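Single-letter residue listing:
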Amino acid sequence: MARKRVAILISGRGSNMSALIEAARAREYPAEIALVLSNRPTAKGLEIAKSAGIATAVVDHTAYKTREEFDAEIEKQLAAANIEIICLAGFMRVLTAQFVKNWEGYLLNIHPSLLPAFKGIDTHVRALDAGVKIHGCTVHFVVPEIDSGPIIMQAAVPVLEGDDEEELATRVLAAEHRIYPAALKLLAEGKLAIEGERVVVAGVNGEADETLTSPRI
Ligand code: GRF
């Protein structure tokens, strides 16, 4: 089966992007990273993508008067690269509802919390302040409402006594790097179905998951 052509949209350092690029190096991985697009010309991730030999594009949001014009330029770049799936990876712009609708079922995001807890920014500080004992990350389909949408995969990490924001963020980030490639793999293999608010994964059994990752990876 042909590998699905994926674009990764970034704004910054691109560590999740790197994890996806790394996973897609494997011959049996069902997706290839065909484009990395940043809204910030100075995003560190752009350099990493270039050194990995991946096509890059910059669509600088400050050059567009409206979100519609900005999104239209992104659409143009995606079409030129024959993109089939988009992964948002630290992309700090809100996409228009129309854009999201155009890509329904093929647009993923990773968020550094166990959604629906801690939508928005500063998730690690808020988790520490709330005193939760378990924190984590979520890969979900994007819908117009921010940090919502059917959940594909989550990984949980413990919040340890004395953790600061950086320590917790580092623990969560390692989990992000595990589940984003795994979630993209399921989508690219056509194993995900959206039923109402839920994602049903084909071929996943109901066994207990001692690794605290759901579905099992
Ligand atoms: C990650 O924590 C991701 O969950 C969030 O933004 C951060 C991006 O980091 N959406 P990176 O650019 O992938 O390193």
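Up top is the structure these notes are about.
These remarks concern the structure in this document. Owing to the predicted nature of the structure, the values given are computational and were not obtained by experimental measurement. (Residues numbered from 1 in each chain as written. Predicted model: local features only at pLDDT ≥ 70, side-chain atom pairs only at ≥ 80, totals over all residues. Heavy atoms only, no water.)

**Section: the sheet that holds strand β3 (residues 56-58)**
Sheet architecture is open: eight strands sit in the order β3-β2-β1-β4-β5-β6-β7-β10, paired in mixed fashion. Of all strands in the sheet, those with a lone pairing partner are β3 and β10 (213-214), marking the two edges. Strands β1 (4-10), β2 (31-38) and β3 of the sheet are contacted by helix α2 (residues 44-51), whose axis makes an angle of about 155° with β3. Strands in contact with helix α3 (residues 67-80) are β1, β2, β3 and β4 (85-88); relative to β2, the strand with the most contacts, it is inclined by about 150°. (Pairing = 2+ DSSP bridges. Helix = DSSP H or I, 4+ residues; strand = E, 2+ residues; numbered from the N terminus. Contact = heavy atoms within 4.5 Å. Axes fitted to C-alpha atoms, helices over the stretch in contact; angles between N-to-C directions.)

**Section: the pairing of β1**
Here β1 lies mainly inside the structure; five of its seven residues are buried. One ladder, built from seven bridges, connects β1 with β2; its direction is parallel. Residue pairing in the sheet places K4 in a bridge with A31 of β2. Since β1 and β2 lie parallel, the crossover through helix α1 (residues 15-24) that links them has a hand, and here it is right-handed. With four bridges connecting them, β1 and β4 associate as parallel partners. Paired with V6 across the strands is I85, a residue of β4. (Buried < 20%, exposed > 50% of the residue type's maximum accessible area, 1.4 Å probe, protein only. Right-handed = clockwise from strand over helix to strand, strands pointing away.)

**Some points on the environment of T66**
Its location among the elements puts T66 in the loop between β3 and α3. With a relative accessible area of 33%, T66 lands in the partly exposed category. When the C-alpha positions of T66 and A2 are compared, they lie 36 Å apart, and in sequence the two are 64 residues distant.

**Topic: the environment of A57**
Within the secondary structure, A57 sits in strand β3. A residue is classified by how much of its surface remains accessible, and A57, at 10% relative accessible area, is buried. Sequence spacing of A57 and E167 is 110 residues, and the spatial spacing of their C-alpha atoms is 33 Å. Leaving out residues up to four positions away in the same chain, A57 has contacts with L35, V36, L37, S38, L46 and Q77.

**Some thoughts on a negative patch on the surface**
A contiguous patch of negative charge, built from D122, D164, E165, E166 and E167, is present on the exposed surface. With respect to the element layout, D122 can be found in the loop between β5 (107-111) and α5 (123-130). (Patch = residues over 30% accessible without salt bridge, like charges linked within 9 Å, V, L, I, M, F, W, Y side chains within 5 Å. Areas by Shrake-Rupley, 256 points an atom, 1.4 Å probe, with all protein chains shown as cover. Salt bridge = Lys/Arg side-chain N within 4 Å of Asp/Glu carboxyl O. Lys, Arg positive; Asp, Glu negative; His and termini not counted. Charge placed at Lys NZ, Arg CZ, Asp CG, Glu CD.)

**Some thoughts on the pattern of salt bridges**
On inspection of all chains with the given rule, the structure shows eight salt bridges. Of the charged contacts, one joins K50 and E47 as a salt bridge, the two residues approaching to 3.7 Å between their closest N and O atoms. With K50 and E47 both in helix α2, this residue pair falls three residues apart, about one helical turn. By sharing partners, the salt bridges in this structure join K185, E189 and K191 into a single network.

**A short note on the nonpolar core**
Grouped together as the largest cluster of nonpolar side chains are 45 residues, with contacts concentrated most on I8, I33, V36, L108, I152 and L184. In terms of residue count, helix α6 (residues 165-188) provides more of this core than any other element does, 11 residues in total. For I33, the contacting residues outside a window of four places in its chain are V6, I8, L20, I21, A24 and I54. Among the nonpolar cores identified, the runner-up in size contains 21 residues, and L9, I86, W103 and L107 belong to it. (Core = buried A, V, L, I, M, F, W, Y, C linked by side-chain atoms within 4.5 Å.)

Read these as layout, nothing more, since geometry by itself doesn't imply function.
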